[in-house]
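Remarks on the overall topology
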Amino acid sequence: MTRVRTYQIPIEERRKIVYIPELLKVYLVNDEIDIPEYLIDEDYIPSEPSRPILRFPRCDLILNNFCNLRCIYCYSSAGEHQRKEMPLAAAEKAIDRVASDCQITGLKRFGVTLTGGGEPLLSHKLVESIVEYCRRKREETGLACKLAIVSNGNFSAQTCKFVTDNFNNVSISVDGLPDLHDRHRPTATGKGSFAPLERNVDRLLSSGKIDVGFRMTISEINVERLSEALVFLHRKWPGVVIGLEPIEKVGRCADKNTIALDPMKFVKHFIKALRIAKKYGIQIRHSLATLKPLINEISFCGVNGKIFAIDPEGNITSCTRVNSSCDPLAQYFHYGKYDPECDQLVIDINAYLYLRNLTVNSVPGCKDCFAQYSCKGDCCHLKAGVFGKNFAHKKSPKCHANRLLIIELLRMEMGLPAGEI
Amino acid sequence: MRRSVRSMQAPQKEGALISRPNLRGVSTVDELESASIATADLSDPAFKLAGEACCDQCCDDYVCSSD
């Protein structure tokens, strides 16, 4: 016999939603019915999150800090700094580590994702060497390898063929309708970047050899046409999963209030888009719009000791956005470094253990919140930027909007009309 | 079916449940189920809400390299 926590959300017409995250169940009841904070469930057997210490089945390799685009919101301000590229030896050590950890833990496949910083495919020779090293590691260990890459989609036909021939997944950053995409994501010479992206997405999909996903960034510029953009992308490239995230006021958009997005406005348009996506069968993703699989996750992302990312300087970071020692937030998110003298990745155990505690359980204000199972206290990078050193114990600055978003998800799943936002 | 919606005796009408004192308060999930106007099972495989594919809830990219 186990008790499960209930959360009650009053809604119109003297009714309330009763949400039991542990059971992944939602109920609509009349508000006259008394429901205690905990209910007994004869069948429920709680499971503990699996959190192996210092075992990494996958790594993110942040190859460089330079880019052929000048996106107006780039968190890395890519292209503005001295050019840096990851040493191949650091990448090899990271791949050695994830393959070894998979063997130790009995997993059959290690994962390697190439990402930015900048545009990873501009480091073409390095990418080729990493792909070759992964191939050799597969043969040496007998493990499978899942290779993924994040790209802006502006590359040559030859590079496109290389990507389709060698990667399992590619995530392309596309911000919706072509005119708005081009406003968001101009090239370094000020041209639009949608047309080259369009050609390459067509090539990638027609190859039939690689999974393609889209990553859309939402700002004040494109938020009001979000639903239109989703339908446009779906009709053009049906079946591609679209990840949506609002801009964060960091990097190149830190001082640009004109494109900063009010969290409530994002929720309003996101909910509208979600309902339209459901109608059209468009698969969309959003970091907060998660109810189903994450009941045992206690952190917004893998910042709590799961993300094993190497930046262009060889730093080990738990946040891919913090990819240089020059970043003031490096003190919170870096937990080691590639040491070229001993040719080893050296992990700072104390820093790692600190990161392990970056969970929603360390935020007192989230303790009794129904949204904690989806929001997990929200993004630590966002909070560190806003609150500084005490960020780990702070609620999200978007708390109110996040809660409304989760309520709207519950309403949608109950078949209720959207609430007023 | 993702959602099961069950009709009770005019549950939306004000006071409809007052004549059923055993439903005024519940202490188990089964009792809550009985007292509810509708339910949604979020664990149903047909449930396709966002976030399903990205097990790390990665905020920077959709690509997920884990199993």
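Report follows, based on the coordinates. Since this is a predicted model, take the numbers as computed values, not measurements.

About the criteria used
Residues numbered from 1 in each chain as written. Chains lettered and ligands numbered in written order. Predicted model: local features only at pLDDT ≥ 70, side-chain atom pairs only at ≥ 80, totals over all residues. Heavy atoms only, no water. Helix = DSSP H or I, 4+ residues; strand = E, 2+ residues; numbered from the N terminus. Rg over C-alpha atoms; globule rule 2.2 N^0.38 Å. Buried < 20%, exposed > 50% of the residue type's maximum accessible area, 1.4 Å probe, protein only. Contact = heavy atoms within 4.5 Å. Lys, Arg positive; Asp, Glu negative; His and termini not counted. Charge placed at Lys NZ, Arg CZ, Asp CG, Glu CD. Phe/Tyr/Trp six-rings, centres within 6.5 Å; stacked < 30°, edge-to-face > 60°. Lys NZ or Arg CZ within 6 Å of the ring centre and 35° of its normal. Core = buried A, V, L, I, M, F, W, Y, C linked by side-chain atoms within 4.5 Å. Pairing = 2+ DSSP bridges. Axes fitted to C-alpha atoms, helices over the stretch in contact; angles between N-to-C directions.

As a further point, take the overall build of chain A. Across its full length, chain A carries twelve helices and 16 strands. Against the 2.2 N^0.38 benchmark of 22 Å for 421 residues, chain A shows a C-alpha radius of gyration of 22 Å, consistent with a compact globule. Projected onto the principal axes, the alpha-carbon positions of chain A cover approximately 65 × 45 × 40 Å. Relative to its 421 residues, chain A shows a buried fraction of 60%. Looking at chain A alone, contacts between residues at least 24 apart form 69% of all its contacts between residues at least 6 apart. Chain A carries 57 positive and 49 negative side-chain charges, and their two centres are separated by 2 Å.

We now examine the packing of aromatic side chains. Residues and elements named next belong to chain A. Tallied over the entire structure, the rule returns 13 aromatic pairs over all chains. Here the aromatic rings of Phe 56 and Tyr 352 are separated by 6.1 Å at their centres, their planes lie at 90°, and the arrangement is edge-to-face. Residue Phe 56 is located in the loop between strand 5 (38-41) and strand 6 (58-62), and its partner Tyr 352 is located in helix 9 (residues 349-356); the two are separated by 296 residues in the primary sequence. The same class applies to Phe 56 as to Tyr 352, namely buried. Taken together, a centroid distance of 6.4 Å and an interplanar angle of 85° make the contact between Tyr 332 and Phe 333 edge-to-face. On the basis of relative accessibility, which here comes to 12%, the residue Tyr 332 falls in the buried class. Using a relative accessible area of 0% as the deciding quantity, one classes Phe 333 as buried. We note Arg 3 situated over the ring of Tyr 38; from NZ or CZ to the ring centre the distance is 4.2 Å.

What follows covers the side chain of A:Ser227. Residues and elements named next belong to chain A. Here Ser 227 is to be found in helix 6 (residues 226-236). Here Ser 227 falls in the buried class, since its relative accessible area comes to 10%. Among all residues touching Ser 227, those that are not within four sequence positions of it are His 269, Lys 272, Ala 273 and Ile 276.

What follows concerns the environment of A:Cys59. Mapped onto the fold, A:Cys59 is located in strand 6. A:Cys59 has contacts with A:Ala94, A:Val98, A:Gly111, A:Val112, A:Thr113 and A:Phe308, leaving out every residue within four places of it along the chain.

Soluble globular proteins tend to bury their nonpolar side chains together. In terms of nonpolar packing, the biggest core is built from 134 residues, with A:Leu61, A:Phe110, A:Phe167, A:Phe214, A:Phe308 and A:Phe333 touching the most fellow members. Apart from residues no more than four positions distant in its own chain, A:Phe308 is found in contact with A:Phe56, A:Arg58, A:Cys59, A:Asp60, A:Ala94, A:Arg97, A:Val98, A:Ile316, A:Thr317, A:Tyr335 and A:Leu345. Counting 14 residues, the second largest nonpolar core, distinct from the first, contains A:Val18, A:Ile35, B:Val26 and B:Ala35.

Residues and elements named next belong to chain A. With mixed pairing, the eleven strands of this open sheet are ordered in space as 12-11-10-9-8-7-6-13-14-15-16. Every other strand in the sheet has two partners, leaving strand 12 (284-285) and strand 16 (344-347) as the edge strands with one partner each. With six bridges joining them, strand 10 (residues 211-218) and strand 11 (residues 241-246) adopt parallel strand pairing. Its bridge partner lying in strand 11, Ile 218 is registered against Pro 246. Along the sheet, helix 1 (residues 88-105) makes contact with strand 6, strand 7 (109-115), strand 13 (309-310), strand 15 (334-339) and strand 16, crossing strand 7 at roughly 150°. Across the sheet, helix 2 (residues 124-141) touches strand 6, strand 7 and strand 8 (144-151), and the angle it forms with strand 7 is around 180°.

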